[in-house]
Amino acid sequence: MRRLPPLTAIEAFVHVARLGSIKAAAEELALSSPALSRRVQALERFIGKPLFERRHQALRLNHDGERLLGMISHALDTLSDAVERMSAGSDLLRLRLGVLPLFATQKLMPRLGDLKRRHPELHLDVDTAGHSLARLGDGIDVGIVLGHTIDPALYSRRLDRNRVYAIAARALVEEMPLTDPKQLAKLTALIHRDMPDTFTDWRQAAGLPYLEPAATDFFDSGALMLEAAAQRLGVAFMLESHFEEARDTRLVRLFDMSVESTYSHWFVCRPRMMQQEPARLFHDWLVEALGAQDI
């Protein structure tokens, strides 16, 4: 049998390639950054050529790195599937799902009882750590993500269409009535990192393309954004469904404006995953449960 590089070195290479950062990959693998760097360098020495373009804190695959990732991805997925089948047992189907916390709370968890009744053999490992697209096939099997569009190399299914709402604390509005969008120049805008264009889209629709808030605070949690708005820390620019599903009487929608959002929630996975029963069962159930058949 031909000699192979250490599996840990290959694992380190794939994580860095998909996340684009030594630091992020090290956190994912519970290693120090120097230890992970040594593993990547060991693979490069074994192959005899560099695999990344190193740019400050980020790493980008070079041509040889892209070739290697393309050639080994399928083999790694096959290995992962084999281990999963052996460890899960023949009577269980298990799916590793990456999902945004607010979507999980508002849309997924209230419906999971129905999924369990229909498919008692299907079990979900739910991961809300983020970076779902980068971790497909490497930590998670399928993801529910927010985006404008999805890489055509992936299988994707749009799950919803939405509008952008400006959301504030009821107490704030009672103290300082907000009747003109120009008043937002005196307030802080609360923006989700996965939806950086929400405020831009909203102010464009308001006919105020140059409107700037007093400050902009970014969040990686929709639930925390809603709470920040309720605590009068600013005005949250979020999706209509986030506001409606929250049913938080402390919050109100500002201004009577209908602004189509350029963001949607998407079901995503590698195309080969749709050949696996767990992913196929969950996908078909999710599309039906959310009424997304015609979206």
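Look up: the structure comes first, before these words.
Below is a short write-up of the structure. These numbers were taken from a predicted model, which means no experiment stands behind them.

Attention now moves to the overall build of the chain. Along the chain, the regular secondary structure elements total eleven helices and twelve strands. The dimensions of the chain, computed from C-alpha atoms along their principal axes, are 75 × 50 × 30 Å. By residue count, 48% of the 295 residues in the chain fall in the buried class. Nonlocal contacts in the chain, meaning residues at least 24 apart in sequence, comprise 77% of its contacts between residues at least 6 apart. For the chain, the exposed area adds up to about 15600 Å²; of that, 52% sits on carbon and sulfur atoms. When the 37 positive and 39 negative side-chain charges of the chain are each reduced to one mean point, those points stand 5 Å apart.

Mapping Ile150 onto the fold places it in the loop between strand E5 (142–147) and strand E6 (155–158). If sequence neighbours within four positions are ignored, Ile150 has contacts with Val145, Ser156, Trp266 and Val268.

This paragraph deals with the sheet that holds strand E11 (residues 251–260). Taken in spatial order, the five strands of this open sheet run E9-E8-E10-E7-E11, and their pairing is mixed. The open sheet has two free edges, formed respectively by strand E9 (215–219) and E11, since each of these has just one partner strand. When the angles between neighbouring strand axes are averaged without regard to direction, this sheet yields 25°. Both strand E8 (residues 188–192) and E9 contribute to a ladder of five bridges, which runs parallel. Residue pairing in the sheet places Thr188 in a bridge with Ala215 of E9. The sheet strands contacting helix H8 (residues 198–205) are strand E7 (163–169), E8, strand E10 (235–239) and E11, and the helix crosses E11 at an angle near 75°.

Right, let's talk about the nonpolar core for a bit. Among soluble globular proteins, nonpolar side chains are generally buried collectively. Membership of the largest hydrophobic core comes to 30 residues, with the highest contact counts inside it found for Val142, Ile144, Leu159, Phe267, Phe282 and Leu286. At the level of elements, strand E3 (93–99), helix H5 (101–108), helix H6 (112–118), E5, strand E12 (264–269) and helix H11 (277–289) are the ones that each hand at least two residues to this core. With six residues, the top contributor of residues to this core is H11. Every residue in contact with Phe267, bar those within four places of it in the chain, is listed here: Val142, Gly143, Tyr155, Ser156, Arg157, Leu159, Met274, Ala279, Phe282, His283 and Leu286.

Definitions and cut-offs
Residues numbered from 1 in each chain as written. Predicted model: local features only at pLDDT ≥ 70, side-chain atom pairs only at ≥ 80, totals over all residues. Heavy atoms only, no water. Helix = DSSP H or I, 4+ residues; strand = E, 2+ residues; numbered from the N terminus. Buried < 20%, exposed > 50% of the residue type's maximum accessible area, 1.4 Å probe, protein only. Contact = heavy atoms within 4.5 Å. Areas by Shrake-Rupley, 256 points an atom, 1.4 Å probe, with all protein chains shown as cover. Lys, Arg positive; Asp, Glu negative; His and termini not counted. Charge placed at Lys NZ, Arg CZ, Asp CG, Glu CD. Pairing = 2+ DSSP bridges. Axes fitted to C-alpha atoms, helices over the stretch in contact; angles between N-to-C directions. Core = buried A, V, L, I, M, F, W, Y, C linked by side-chain atoms within 4.5 Å.

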